[in-house]
Amino acid sequence: MLDIQFIRNNTDLVKTSMANKGETDTSIVDQVLEIDSHWRQQVTEVESLRQESNSRSKEIGIMMAQGKKEEAQQIIKETGEMKEKIKDIEESSTDLKNKRDDLLLRIPNVAHESVPVGRNEEDNKVHATWGEPMKKTWHLPHWEIAEEHGWLDFKRGSKVAGAGFPFYLDGVARLQRALISFFIDKAVEKNYKEIQAPFFVNEDSARGTGQIPDKEDMMYVIPRDEFFAIPTAEVPVTNYFRDEIIQDNELPIRLVCHTPCWRREAGSYGKHVRGLNRLHQFDKVELVKFVHPDHSYDELESLKRDAEELLEALKLPYRTLLMCTGDMGFTQTKKYDLEVWSPGQEQWLEVSSCSNFESFQARRMMIRHRDKEGNVSILHTLNGSGLALPRVVAAILETYQHENGEVKVPEVLQSYFGREYL
RNA sequence: GGAGGGAUGGCAGAGCGGUCGAAUGCGGCGGUCUUGAAAACCGUUGAGGCGAAAGUCUCCGGGGGUUCGAAUCCCUCUCCCUCCGCCA
C-alpha cells in the first residue's frame with residue numbers, strides 16, 4: 001500500500017509508474033483522491049461537532065458536582081441532538097475511508113528509477129552472468145535421470161495427493177536435506193538469524209504481505225479454520241513484526257527461514273511444468289530483511305549477492321536479470337531474478353527472486369522503526385529466495401551427470417551429504 | 001474439550017461512570033555535578049488521523065451496546081494464565 005500523502009503529492013508519478021507496470025487504466029488514482037478529499041471534509045466536520053459535544057459534556061459533570069441539576073438537564077438535551085448528527089456524518093465518513101483504503105490496496109508500488117521500463121520478460125536486462133552454460137551432449141533432463149535411479153515418484157505423488165506433489169527418494173531426498181542445511185548455514189554465516197515459522201497463516205497476515213487481494217488464487221485455503229497455506233516463508237516471516245515498532249539500533253534485522261511452499265499454480269500445464277520445474281508443493285529457504293529506509297537498496301544488492309554466492313558455491317552457471325517494470329509485479333520497487341542453467345532442458349530456470357518493497361508491505365503491516373530522537377516511521381522490507389530447492393536439484397542432476405548415468409554431489413555439499421555420488 | 005482468572009504506555013503496575021491519554025516505579029533521552037564514569041538531582045519521554053499552523057479528534061486486546069459522558073457498566077470475539085481431560 002502506498003502512502004496516501006505520497007499519492008496526493010506525486011499523482012502523476014504514481015500514474016506513470018502504474019502504466020509502466022502494465023496497468024492501462026489509472027483512473028483508480030483519481031478515484032482515490034476524490035474520495036479522500038471528500039473524506040477529509042467530513043472528518044473535519046465530525047471533529048468540530050465532537051469537540052463541542054465533549055466540552056458541553058464536561059460542563060455537565062461540573063454542574064452535577066455543584067448540584068445545578070436543572071441547568072444540566074438543559075445541556076443534556078442539546079448534546080443528545082448533536083449525538084445524532086455526529087452518528088450520521090461519521091457513518092458516511094467511515095464508509096468513505098473504507099472505500100478509499102480498498103482502492104488504495106489496488107494501486108501497485110512505484111518502481112525505482114533504476115528499473116528499466118518495459119512491457120514483458122523480453123525487456124528484462126541481463127545484469128550478470130556466471131559460469132559457462134553447459135552444452136547438452138549425453139545429458140538427460142532431470143526427470144529421466146531421476147527415474148533411472150528411482151529418485152522421484154510422481155505417479156504415487158498423484159495418487160496420494162495430486163499432480164505436482166511428488167515423492168522424493170533416496171539420493172534426491174538426501175540431496176534436498178543437504179541443500180537446506182547448506183543454504184541455512186551460509187545465511188547464518190552472513191548474519192541472518194535462523195527462524196522456523198508457521199506453515200499456515202491467518203487472513204491478516206496474507207493481506208499484510210499483499211497476497212490478498214492481489215494474488216488470492218495462488219494460495220491453498222483451509223476454510224474450516226480460516227487458514228491459508230503459505231505460498232512462501234515471506235508471508236509468516238515478514239508478518240513476524242506486524243504492528244510493531246523496532247528501535248533503530250536493532251536494524252537491520254535479517255532472517256533466514258526454511259519452509260515448504262504451497263502454490264495452486266492454477267492454469268499452468270504442459271511442457272514447462274514437467275518434472276520439478278513447477279510444483280504445488282516445494283521447499284525453499286527464504287531470506288527476509290527489515291531495514292532502515294536509507295539502506296534498502298544497498299541491502300537489496302547484498303541480498304542478491306548472498307543468493308548468487310550459493311549458486312557459485314555449487315558451481316552452477318547462472319544469470320541474474322534485472323526485471324523491467326512490466327515483468328516486476330505489484331508489490332516490488334525493484335527485483336532481480338536468478339536463473340540457473342539446465343543443460344538437460346537447455347533452458348534457464350528461475351531459482352531466486354530478490355525484491356525491495358520499500359515501505360509498501362511495511363505500511364500495510366504497520367512495521368515501524370524509531371530513531372534516536374524518538375521519531376517513528378515506516379521501515380523497509382526485502383526478501384529473496386536463498387534458494388528454491390526443486391529447480392536447484394534439477395540443475396544439479398543435469399549438470400553433475402556423468403555419461404554413465406552417475407550423478408556427483410557438488411563438492412560443497414559432500415560434507416553434508418556424506419558421500420561423493422548421489 | 002470442561003472449569004476458573006486475566007488483557008492498561010518500552011517494561012512493571014495504579015486507576016469512585018465526569019479536568020484520565022491515564023498515578024507511581026523502572027527503562028530511554030536531555031541537562032547539572034564530575035578529569036571521565038557511577039551515584040544523586042532537575043527536566044523530558046505512547047501511537048495515529050485531519051490541519052500551513054494554532055489546534056483538534058481518536059486509541060487503555062478486537063468488535064458491538066448502555067449513558068449527556070466509559071479505561072471504569074453490559075454483550076461478544078480473540079489471545080494469555082491456572083486446574084482437569086486428551087495427546088507427539
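This report concerns the structure included in the present document. The numbers attached to residues start from 1 for each chain and follow its sequence in the written order. Key to labels: chains lettered from A, ligands numbered from 1, both in the order written. Two thresholds apply to this predicted model, a pLDDT of at least 70 for residue-level local features and 80 or more for giving and counting side-chain atom pairs, whereas whole-chain, interface and lining totals are computed over all residues. Water and hydrogen atoms were dropped before computing side-chain values, which therefore reflect all heavy atoms in the structure.

The axes used here are C-alpha line fits, helices contributing only the stretch in contact, and every angle between their N-to-C directions lies in the interval 0 to 180 degrees. Counting from the N terminus, the helices are the DSSP runs of H or I reaching at least four residues and the strands are the DSSP runs of E reaching at least two. Between helix α5 (residues 142-149) and helix α12 (residues 389-399), whose axes approach to 9 Å, the crossing angle comes to 75 degrees. Relative to α12, α5 is oriented roughly perpendicular. In this structure, α5 contributes His142, Ile145 and Ala146 to the contact, and α12 contributes Ala394, Leu397 and Glu398. Per-class residue counts for the contact of α5 with α12 are 4 nonpolar, 1 polar and 1 charged. Roughly parallel here means an angle under 35 degrees, roughly antiparallel means over 145, roughly perpendicular means 65 to 115, and every remaining angle is called oblique. Contacts are residue-level and defined by heavy atoms, with any inter-residue pair within 4.5 Å sufficient. Classification convention: Asp, Glu, Lys, Arg as charged; Ala, Val, Leu, Ile, Met, Phe, Trp, Tyr, Cys, Pro as nonpolar; all other residues, Gly among them, as polar.

This brings us to the packing of aromatic side chains. By convention, a stacked pair of Phe, Tyr or Trp rings (six-membered ring in the case of Trp) has centres within 6.5 Å and planes under 30 degrees apart, an edge-to-face pair has planes over 60 apart, and any other such pair is tilted. Applying the stated criterion across every chain, the model contains 11 aromatic pairs. Measuring from ring centre to ring centre gives 6.4 Å for phenylalanine 200 and tryptophan 262, while their planes differ by 35 degrees; the resulting arrangement is tilted. On the criterion of sequence distance, the pair formed by phenylalanine 200 in strand β5 (residues 200-201) and tryptophan 262 in strand β9 (residues 253-262) is long-range, its members being 62 residues apart. Ring-pair connections join several aromatic residues into one group, and the members of that group are Phe199, Phe200, Phe227 and Trp262. As a reminder, the over-ring test applies to NZ of lysine and CZ of arginine, requiring each to be within 6 Å of the ring centre and within 35 degrees of the ring normal. The positively charged end of arginine 100 is found above the aromatic ring belonging to tryptophan 39, 4.7 Å away from the centroid. Here lysine 304 stacks its cationic end above the ring of tyrosine 336, 4.6 Å away from the centre of that ring.

Before going further, it helps to spend a moment on a nonpolar patch on the surface. Like-charged residues are merged into a patch within 9 Å and nonpolar side chains (Val, Leu, Ile, Met, Phe, Trp, Tyr) within 5 Å, provided each residue has over 30% relative accessible area and no salt bridge. We get accessible surface area from the Shrake-Rupley algorithm with a probe of 1.4 Å; when it comes to residues, only the shown protein chains can shield them. For salt bridges, the criterion is a side-chain nitrogen of Lys or Arg within 4 Å of an Asp or Glu carboxyl oxygen. A grouping of Val160, Phe167 and Leu169 is seen on the molecular surface, where their side chains present a nonpolar patch of about 260 Å² in accessible area. Under the scheme applied here, a residue whose accessible area is under 20% of the maximum for its type counts as buried, over 50% as exposed, and between as partly exposed, the area being computed with a 1.4 Å probe on protein chains only. The class for leucine 169 is partly exposed, based on a relative accessible area of 35%.

Moving on to the sheet that holds β5. Two strands qualify as a pair provided DSSP detects at least 2 bridges between them. Across the sheet, which stays open at both edges, the 3 strands sit in the order β5-β7-β6 with antiparallel pairing between neighbours. Strands with a single pairing partner mark the edges of an open sheet, and in this sheet they are β5 and β6 (221-222). Where β5 and strand β7 (residues 227-229) come together, 2 bridges link them in antiparallel fashion. Each residue of the ladder has a partner; that of phenylalanine 200, found in β7, is alanine 229.

With 8 of 10 residues buried, β9 is to be regarded as a mostly interior element. Direction of pairing for β9 relative to strand β10 (residues 281-291): antiparallel, over a ladder of 10 bridges. Residue pairing across strands places threonine 259 opposite lysine 284, the latter belonging to β10.

What follows concerns the protein's contact with RNA strand B. As a structural note, the neighbourhood of RNA strand B is formed by 20 residues, with Arg40, Glu47, Arg50, Ile60 and Ile62 the closest of them. If a single non-hydrogen atom of a residue is within 4 Å of a molecule or strand, that residue counts as near it. Here the atoms of RNA strand B within 4 Å of the protein split so that 65% fall in sugar or phosphate, with bases taking the remainder. Distance and chemistry together define a polar contact, namely a pair of N or O atoms within 3.5 Å, with one atom able to donate a hydrogen and the other to accept it when in protein, and with adjacent residues in sequence counting only for side-chain atoms on both sides. Arginine 50 has a polar side-chain atom sitting 3.4 Å from a sugar or linking oxygen of RNA strand B. One nitrogen or oxygen atom from the main chain of serine 57 is found 3.0 Å from a base nitrogen belonging to RNA strand B.

This brings us to the state of the cysteines. Sulfur atoms of two cysteines make up a disulfide when they are within 2.5 Å. Using the criterion set out here, one finds 0 disulfides in the structure. Counting only cysteine sulfurs, cysteine 261 is the nearest neighbor of cysteine 257, a cysteine outside any disulfide, at a range of 9.0 Å.

The subject of this paragraph is empty space enclosed by the protein. Using only the protein atoms, space was sampled on a 1 Å grid; points where a 1.4 Å probe fits but cannot get out form cavities, open sets with protein on both sides within 12 Å along at least five of seven lines form pockets, and lining residues are those with an atom within 4 Å of a point. Grid points are joined across faces, edges and corners, and a volume is the space filled by probe spheres set on the points. With the rule as written, the count across this model stands at 1 cavity of 30 Å³ or more. Reported here for the largest cavity is a volume of approximately 50 Å³. Elements with a contribution of two residues or more to the lining of the largest cavity: α7 (170-189) and α10 (296-313). Of all the elements, α7 adds the most residues to the lining of the largest cavity, at 3 residues. Its residues assigned to classes, the lining of the largest cavity shows 4 nonpolar, 1 polar and 3 charged.

In this section: the sheet that holds strand β14 (residues 368-370). Pairing within the open sheet is mixed, and its 3 strands lie in the order β8-β14-β15. The open sheet has two free edges, formed respectively by β8 (245-247) and β15 (376-378), since each of these has just one partner strand. The mean inter-strand angle of the sheet, taken between neighbouring strand axes irrespective of direction, is 35 degrees. Across 3 bridges, β14 lies against β15 in antiparallel orientation. Pairing of arginine 370 across the sheet is with valine 376, part of β15.

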